[in-house]
Every structure is written in C-alpha cells, then in structure tokens.
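Single-letter residue listing:
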Amino acid sequence: MGGPAYDCLTNPLGAVRFSFGNALSSGYDPASSHGKDWGVVDLFRHYFSDESAITQVPILDLSSIKWVQPNTLVRFRGMIQDMLGNEFYAGAYKDDSTWRTNKYSDVSQFPDGPSSETQVWERRLLYCVPVPGRNQWTECSSIELKNRFLDLTGQNREKRARVDEEMTDSIDSNTLEAGLNGSPFKKLKAGEGTSSASECQLPMTDGVPQSCVIPPATSTDSLPCLLKVYDSPESDLKLNDVVEFLGVLTFDPNTMMDMDSPGDNSDDFSEAESVQMPSGKVPRLHCLIHRKLETQHFLHSSSLLTELKSPQMFKEIRESLMKHLTGLLGNDHIAAELLLLHLLSKVHGRVDNVAVGKLSLNLTHLNKESMSIFGTQLRDALKSLLPFTQSIPLTIEYLNTASLGPKKDYGTNRLVPGVLQVADGTHLILDETELQPGTLNSVGVENANLLKNLLECQKVEYDFQYYKMEMATDAQMLIFSEGKSNIMPADMVLPFQPSQVNPLQVITPETAQAWRCYLATCKSLSHSIGQELQQVLENDLVAARQTDRSLGSQDLSRLLTMARMMSVSYGETSLSLEHWQMVLELERLRKERLK
C-alpha cells in the first residue's frame, strides 16, 4: 500500500492508518498499549526533519482558516495560554477481527454491538493563542503557500477520497464518544463531545459543561486553537511556552462565518462564540509533532543565521545597528549603547529570588513632547526588530482598572489571561511620562506590585483565588519617565540627552533582517569568563566598592551582566579585558549624568 495513504502532507490521517496497519502486523496490541505511539511520531518527524518540508505546511491563522480544509495537515504557532487537563476518547476498536483507530480525530467510529471491543485512551487539552504582542514581520505571507498547497491537495484529492471511502465503507456510521459516568466507557449520542477527566464532577453553564467554557482570545484579531496532544510528557509543554504544533485540523466549515462581511463588529473567535468552543469557531488541532520556538524560527529562512560566524561580521552589523539606534535617540551615544545591551539581555539563571541576566533600562528626562518624537520612533523601531513587543501606559487610570495578572475563574474553570501573561523574550515598554498625581485603589496597588515584582524578580503572580502562585518569566523592560521611576526601579537609569531630532531613515528589508538575525544570534550565544580574567574582575570590583561604599551586590552583578552583553554584542563567547574596560567606562559616563 502506497501513494496517498502514506502522504504525510496531503493525507495525514491516511498516513496514520497506514502506520497503524504496519504496527498491527508487527505485533502492536491496542488492547494493552494504552494508546502509546506505534510509530506515527517518528514517521512525521522523519518526513518533516528538513525545514524546507515544514515550510510546505500552511500556518493556521485568520487568513488561512478561510481556505484550509478539515482533516488536512496544518501548523499552529502560538503560546499555551491555559492547560485544560486530560480527555478520554475511544482510541481503538475492533471491526470484526480487525483493529482500527480513531487517534488524531474528533469523531470516534466503531461498530455498535455487545461484542465490539473498544479501547479508551487519553489525550491532553491545551488552549493556545497567537503570541501576545507578536509583530507583523514574523508572519509568513500565505498567498504563495496557499497556491502551492492547493496544487498539492488538488493532485491528490481524487486518490485520497478513494482511500477514505475504503476505510469508511467497512464501519458503521454511528459516532460515539468516550465518557466517564459510572463506567469506564459510556456511549454518547452522535454529535456530543468527548469527556474530559475534569468534566464529570462539574455543573452545567447554559446547558454546557463548565469545563468546556473557554476564555476569549487575547485580542480581536487573533485565532485561538484547541490543541489535542498525544504521546508527550507533561513536563515537555508548560504554560506560556511558544510552540509550533503540526497536526490534523478539524473544524466544522458549515458554521464558519464570513470574517470579511461588513457590519460585523464582533470578534468571531472570542466572547460568546468561542466561550463554548463550537468547532466552527475554535479550530481543533490533533498534534502529531511539535517543537518549541526561538526567535530564529521567525526569521524566514535567513541565510545570515548560518553565515553570522566571524567576529568581523558581528562588528559590522553592530556598527550599523548602533548608528541606527543612535540616530533614533537624537545622537545620544551612551543611551544607544545601554539600549543595545538591554536588548541583548535575557535571564540565563536563577539564584534564590535573583534572576541572573536581566537588565532593565529607565530613560529619564522624557516628557509628553519628547515622547511623541523619540518615544514613538523608538517604539516603532523595536517593533521592526523584535518578535514580541508590548507597550503599557503607566497612568493612575490604567493601573486602577487594568487586569495585569492572570486569574483563575472557577465559575468557568479557566485561566483568564492578564496583560503580563507573556511569552519569554517579550519586550515591554512602560510609559510613565503621562503619570499624573492621583490615588491608587486596591487594584492599582496590586498592579503596581505586579509590575515591580516582574521588574525585580522576573516573576508574575497568578491569582488562583484561594492561593497565589509566582510563575517565572523573562521579559525585557524599558521605562520612559520624566524623573527616576519610583514605581519601576530599573537596573540601569540614564538621563536621556538628545542633541537633535534626526530625519527617519529608510531601512531596507535586507538590513532589517540582518539586525534581527544579529540580535537573535547574540542572545543565543553561550558565555564564560576565563580564569585569567576572573582575578582582574575581582580586583576591579573591590576597588569600585572601596571608591563608592553605596555599591551593593546587585550593582556588582549588574556590571557582570553588562560585561556579558558587551561581549556577545561583538559575537564573543568569552569576556576580554577590552570589553570589560568598555563596560567600566560606560558605567562611569552613566554615573556622571546622574550627578
């Protein structure tokens, strides 16, 4: 058996059935396997081991959902916003003497009768959303991919239909789902959903089990997705992970609304429409394989990722990026240097409550007028350089009303997202220039504490009503303020001193891509301090503390972090004396401005 049944791209369920048949002939026993993988994962990993093969698979989003077909292979790139527990389903059944499987599909089919053998298996449910703050340059153009994919599916449509007909003719058309109501498996009426392990004890909300209630999408232009995950350890996927899932798409196209229809000002994929997860509103994706995403995966096959090796190339790209940042900051070279170090920072370790590697920056001497010029330009520039960026206005009104921390809603048994539920690597701009005198209410005080805790410890507090839990995160934080921020005590504070307003430069796509690759590559570099330089650093830090008794352990740790960032900004993985001295000089200039 070959051809379309083994075509992982255009007929994934055919490939699943084909591999299931092979496993049966090799001794695989569905009755004792508990649904464990029989070779499907290895099959698809091998088929899509090359990046060029993965790019053939359409990405599921608000554009592609209009033309992709049910039961086809798609990719979904998003952040795990909530973890919905496990679900039981009829994984395999015996048709006469032949075992068949329902794995990777919504509808469980099997012959009805007292003699039929059915195996109940388990899968995980994850609610995923597009990464909050994801910028437009990270998104693939789907026009060419659509045409290529439709050509492939058109060539195989007739053959695939014939294979599917052979499979469905041999079984009864009854559809039953797995349940847990007094017995390990209970037949439900056709059209009802599978049973969640957390559902059986829950009351109903408007006729729908509360465990089926889903929070709205994080924004009106995002497409959420319900992921059904098989054969993956629980520790492999965590809340807020950014993941690319490759799997079989299932949804009801008959209930899909025309998202281009004028006059419809509601979000088709949120609020009441998605709260009960109708299959035409919240697509399901049965995950075959997945991978966690780094910034490099959003760079659209840039050859620079493999070419960016020599120190000279790092230096050249660094110089061009520094020239750009300096121009945006009104020729304030010190601000540009500190900004670059800030953009390269990331948490690379934790000691007790200290996040090692964070490097927040507070630019002061900014007001409404200068923010409208320099702040706007810098915000737009960062959007074009970084994959995930968000801006938060630090005003009394915003702090008193915003929902910054995620909260558990036990009425729906779901995690309601907050502004600070972000993916690692997200860049946050906090604008304090419009802050006016006022009084914070209880919500405002809580939000201010949430922001301060994120800045200082890189942790976000999740409110589970009966208790609170801190979740580690890694967010870069840039604060704009008129004076030194009292709400956000940053690692580095610098009075901003622009000398002029420069005209905006026209940046070519190639240059922008080179800067993105440079930033992503530098952040991914490992780093160490040679033994011969450790004594030099120790002597310099001791001398600095003797000169300024106010220096604490946090200041000394910050200098080491700045040294690490300075070194990797030149593509170096080991700190040199030259780069250490550059950091000391930069720190001296920064302190002069603070006087």
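To start, this report covers the structure provided alongside it. Keep in mind it's a predicted model, so treat the numbers as computed, not measured. (Residues numbered from 1 in each chain as written. Predicted model: local features only at pLDDT ≥ 70, side-chain atom pairs only at ≥ 80, totals over all residues. Heavy atoms only, no water.)

### Focus: the overall build of the protein
A tally of regular secondary structure across the protein gives 16 helices and 20 strands. Per-residue burial for the protein yields a buried fraction of 52% across its 595 residues. Taking the intrachain contacts of the protein between residues at least 6 apart in sequence as the baseline, contacts between residues at least 24 apart amount to 78%. Split by element, the accessible area of the protein, about 27300 Å² in all, is 49% carbon and sulfur. (Helix = DSSP H or I, 4+ residues; strand = E, 2+ residues; numbered from the N terminus. Buried < 20%, exposed > 50% of the residue type's maximum accessible area, 1.4 Å probe, protein only. Contact = heavy atoms within 4.5 Å. Areas by Shrake-Rupley, 256 points an atom, 1.4 Å probe, with all protein chains shown as cover.)

### Some details on the nonpolar core
Counting residues in each nonpolar core, the largest one holds 54 residues, and the members touching the most others are Leu363, Leu478, Tyr518, Leu519 and Met562. With eight residues, the single largest contributor to this core is helix H9 (residues 333-343). Counting only domains with at least three residues in this core, you end up with domain 3 (302-519) and domain 4 (525-595). Those residues in contact with leucine 363 that lie beyond four places of it in its chain are Leu329, Ala335, Leu478, Ile479, Phe480, Ser481 and Leu494. In terms of nonpolar packing, the next biggest core, distinct from the first, is built from 45 residues, Val68, Ala402, Val460 and Met477 among them. (Core = buried A, V, L, I, M, F, W, Y, C linked by side-chain atoms within 4.5 Å. Domains from an automatic or database assignment.)

### Examining the pairing of strand E12 (residues 361-364)
Every second residue of E12 is oriented toward a common face, with Leu361 and Leu363 on one face and Asn362 and Thr364 on the other, all of them buried. Across three bridges, E12 lies against strand E19 (residues 476-480) in parallel orientation. Counted as the bridge partner of leucine 361 is leucine 478 from E19. In the sheet, E12 pairs with strand E20 (residues 492-495) via four bridges, with the strands oriented parallel. Along E20, the bridge assignment pairs leucine 363 with leucine 494. (Pairing = 2+ DSSP bridges.)

### Here's the deal with the sheet that holds E20
What the five strands build is an open sheet, ordered E13-E16-E19-E12-E20; its pairing is parallel. Single-partner strands in this sheet number two, and they are strand E13 (389-393) and E20. Adjacent strand axes in the sheet meet at a mean angle of 20°, parallel and antiparallel pairs treated alike. Pairing analysis gives five bridges linking E13 to strand E16 (residues 427-431), with the strands arranged parallel. Among the inter-strand pairings, isoleucine 392 is bridged to a residue of E16, identified as leucine 430. (Axes fitted to C-alpha atoms, helices over the stretch in contact; angles between N-to-C directions.)

### Points about the environment of leucine 246
Counting through the fold element by element, leucine 246 comes out in strand E8 (residues 242-250). On a C-alpha basis, the gap between leucine 246 and arginine 77 in space is 8.9 Å, while along the polypeptide they are 169 residues apart. Setting aside its immediate chain neighbours within four residues, leucine 246 contacts Phe44, Phe48, Val57, Leu73, Val74, Arg75, His286, Cys287, Leu288 and Ile289.

### Describing the packing of aromatic side chains
Scanning the model with the defined rule gives 14 aromatic pairs in all. Judged by centre distance (6.4 Å) and plane angle (85°), the ring pair of tyrosine 89 and tryptophan 121 falls under edge-to-face. One end of the pair, tyrosine 89, is in strand E1 (residues 73-95); the other, tryptophan 121, is in strand E3 (residues 118-129), and 32 residues separate them in sequence. By relative accessible area, which is 0% here, tyrosine 89 ends up buried. A centroid spacing of 5.6 Å and a plane angle of 85° characterise the contact between phenylalanine 298 and phenylalanine 388, whose relative ring orientation is edge-to-face. On the criterion of sequence distance, the pair formed by phenylalanine 298 in the loop between strand E9 (284-292) and helix H7 (304-307) and phenylalanine 388 in the loop between helix H10 (368-385) and E13 is long-range, its members being 90 residues apart. An identical accessibility class is assigned to phenylalanine 298 and phenylalanine 388; each is buried. Chaining the aromatic ring pairs together yields one cluster made of Phe20, Tyr28, Trp38, Tyr89, Tyr104, Trp121 and Tyr230. One cation-aromatic arrangement involves arginine 77 over phenylalanine 298; the distance from NZ or CZ to the ring centre is 5.2 Å. Geometry around tyrosine 410 places lysine 408 over its ring, the cationic atom sitting 6.0 Å from the centre. (Phe/Tyr/Trp six-rings, centres within 6.5 Å; stacked < 30°, edge-to-face > 60°. Lys NZ or Arg CZ within 6 Å of the ring centre and 35° of its normal.)

### Observations concerning the packing of H9 against helix H15 (residues 553-569)
Two elements in contact, H9 and H15, have axes separated by 9 Å at closest approach and are oriented at 90°. The angle between H9 and H15 places the two elements in the roughly perpendicular class. Contacts from Glu337, Leu338, Leu340 and Leu341 of H9 reach H15 at Met562, Met565, Met566 and Ser569. Classifying every residue of the contact of H9 with H15 by side-chain character gives six nonpolar, one polar and one charged. (Parallel < 35°, antiparallel > 145°, perpendicular 65-115°, else oblique. Nonpolar A, V, L, I, M, F, W, Y, C, P; charged D, E, K, R; others polar.)

### Re unusual backbone geometry
One non-glycine residue with positive phi stands out, namely asparagine 331, at about 65°. Looking at where asparagine 331 falls in the secondary structure, it is placed in the loop between helix H8 (311-328) and H9. When its relative accessible area of 36% is taken as the criterion, asparagine 331 is described as partly exposed. A positive phi is found at glutamine 465, a non-glycine position, where the angle reads about 65°. With relative accessibility at 49%, the residue glutamine 465 sits in the partly exposed group.

### Some words on a nonpolar patch on the surface
Where nonpolar side chains cluster on the molecular surface, the patch consists of Tyr410, Tyr466, Tyr467 and Met469 and spans about 460 Å² of accessible area. The residue tyrosine 466 is located in the loop between strand E17 (459-463) and strand E18 (468-472) in this model. (Patch = residues over 30% accessible without salt bridge, like charges linked within 9 Å, V, L, I, M, F, W, Y side chains within 5 Å. Salt bridge = Lys/Arg side-chain N within 4 Å of Asp/Glu carboxyl O.)

### Some details on the pattern of salt bridges
For side chains bearing opposite charge, pairing can occur when the charged atoms are close. Scanning the model with the defined rule gives 24 salt bridges in all. Note that glutamate 51 and arginine 291 form a salt bridge whose closest N and O atoms lie 3.0 Å from each other. With glutamate 51 in helix H4 (residues 51-54) and arginine 291 in strand E9, the pair connects residues that are 240 residues apart, well separated along the chain. Overall, arginine 291 belongs to the partly exposed group, its relative accessible area being 21%. A salt bridge links glutamate 592 to arginine 588, with the shortest nitrogen-to-oxygen separation between them at 2.6 Å.

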